[in-house]
Amino acid sequence: MKTALLYNYKAGKGLPAELVVRKLCDFFSGDELLVSDPGLVFPELPVSLVEPEPADGYFAVILARVKALAEAGAERFISVGGDGTATYVRNAMYELGINLPILGVAAGTANVGPIVSVTLDQLEGRHVSQTHEVCYDGISVFVDGKFISLAFNDLIVGDTFLGTVEGQTRSISVRALLEEGVISPKKPTENIVNDDFAVELNGAELAPNSANIRQIVLAPVAHESHYGRAVYSVVGKCDWCEKKGVIALCDYIAVSFEDDGAGVDRFSTTQYLIFGPNDQVVLRGFTEEACLICDGNPYFLPSDRFAVRYEPALARTIKL
């Protein structure tokens, strides 16, 4: 079997490339290991180099590499990095119209999953024949009809994402990274929606209380369990109906390492809406400061609205 490897050198843990390749060669012994990056070729290790088409831009490079590796006959992929790296790999497959299984190896800032599920150390002394495949639901994101990204852990509407700075997890400015290529710590803005904010669900306009919305989180919860626990409120319905996508409108910054005491020193409020595979969902009424962060990957929001779809079995993953 042919197995393709992509490694994000800039992921939070900064694992040595030779160590990564060596351990994966052992775990996938018997496979032909394909790489598209000359930096992953070591004379004593059994890997084959596939040349991708030239590309500019981080995701464009990943797209070109995934395309070249798939065309070379790759039957499964290894993503070494964080959740964002794994989602970029699946994004590339989505754009190419393929869905091959992915083993997500943790090497990033946040390794929450669900694609990322193992560390290199956990692969030690084991073999790929001991694994099994699990499919995970996800959310696809579109702006003005154009595909932006997938999200398997969460989609955040805000202006910061979590990254590693000098070994510490910090909130990082989306604009500084996308406009200047700079990793710049920033306090998250609380100004993401305007007075016109609403959610359009299957053509019906739902206008929540927007006065205290500081951050918005969307997530698939198909593999979570809330059964019988009324404390989960409407989210508990996801356990017994097809609607397993959740929109959470938060009066605090939910994704941040700068704790403001919400829910601990004071009450916090979250407004929930659930949606499923057959629902048409549009969120609109955003300020110019609002950006999208999909599984940790930042994107500008070039419009005051975006659409989402809930997609079952969107990612095929390899699990120990």
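Analysis parameters
Residues numbered from 1 in each chain as written. Predicted model: local features only at pLDDT ≥ 70, side-chain atom pairs only at ≥ 80, totals over all residues. Heavy atoms only, no water. 1 Å grid on protein atoms, 1.4 Å probe; cavity = no way out; pocket = protein on both sides within 12 Å on 5 of 7 lines; lining within 4 Å. Points joined across faces, edges and corners; volume = space filled by probe spheres on them. Helix = DSSP H or I, 4+ residues; strand = E, 2+ residues; numbered from the N terminus. Nonpolar A, V, L, I, M, F, W, Y, C, P; charged D, E, K, R; others polar. Buried < 20%, exposed > 50% of the residue type's maximum accessible area, 1.4 Å probe, protein only. Pairing = 2+ DSSP bridges. Axes fitted to C-alpha atoms, helices over the stretch in contact; angles between N-to-C directions. Salt bridge = Lys/Arg side-chain N within 4 Å of Asp/Glu carboxyl O.

As a further point, take the layout of surface pockets. Quantified by volume, the largest pocket comes out at close to 1,400 Å³. As for the largest pocket, its lining consists of 50 residues, and the residues nearest its centre are N8, Y88, F161, G296 and N297. Looking at the lining of the largest pocket, the elements that each hand over two or more residues are strand 1 (2-7), helix 2 (58-71), helix 3 (83-96), strand 10 (160-165), helix 5 (174-180) and strand 19 (297-300). Of the residues that constitute the lining of the largest pocket, the class distribution is 27 nonpolar, 16 polar and 7 charged. Computed from the structure, the second largest pocket encloses a volume of approximately 670 Å³. In the lining of the second largest pocket, the residues fall into 20 nonpolar, 6 polar and 3 charged.

What follows is about the pairing of strand 8 (residues 146-151). In terms of burial, strand 8 is largely enclosed, as 5 of its 6 residues are buried. Where strand 7 (residues 132-143) meets strand 8, 5 bridges bridge the pair, whose relative direction is antiparallel. The partner of V143 across the bridge, within strand 8, is K146. Two successive antiparallel strands, strand 7 and strand 8, enclose a turn made up of 2 residues, where D144 displays a positive phi of approximately 55 degrees.

The antiparallel open sheet is built from 6 strands, whose spatial order is 16-15-14-9-18-19. Of all strands in the sheet, those bounded by a partner on one side alone are strand 16 (270-275) and strand 19. Neighbour-to-neighbour, the strand axes of this sheet turn through a mean angle of 20 degrees, independent of strand direction.

Let us look at empty space enclosed by the protein. What the rule picks out here adds up to 1 cavity of 30 Å³ or more. Counted as a void, the largest cavity has a volume near 30 Å³.

Our focus in this paragraph is the pattern of salt bridges. Throughout the structure, instances matching the rule amount to 18 salt bridges. A salt bridge links R266 to D260, with the shortest nitrogen-to-oxygen separation between them at 3.1 Å. What makes R266 partly exposed here is its relative accessible area of 35%. R309 is paired through a salt bridge with E311; the nearest N and O atoms lie 3.8 Å apart. We classify R309 as partly exposed; its relative accessible area is 36%. Accessibility expressed as a relative area gives 16% for E311, which makes it buried. One network of salt bridges, with partners in common, ties together E200, E205, R284, D304 and R305.

Attention now goes to the pairing of strand 14 (residues 215-220). Of all 6 residues making up strand 14, 6 are buried, and the element is well covered by its neighbours. Summarising the sheet, strand 9 (residues 155-158) and strand 14 pair through 3 bridges and their orientation is antiparallel. If you follow I156 over to strand 14, its bridge partner there is V217. Across 6 bridges, strand 14 lies against strand 15 (residues 245-250) in antiparallel orientation. Paired with A219 across the two strands is V246, which belongs to strand 15.

The analysis is restricted to geometry; functional conclusions fall outside its scope.
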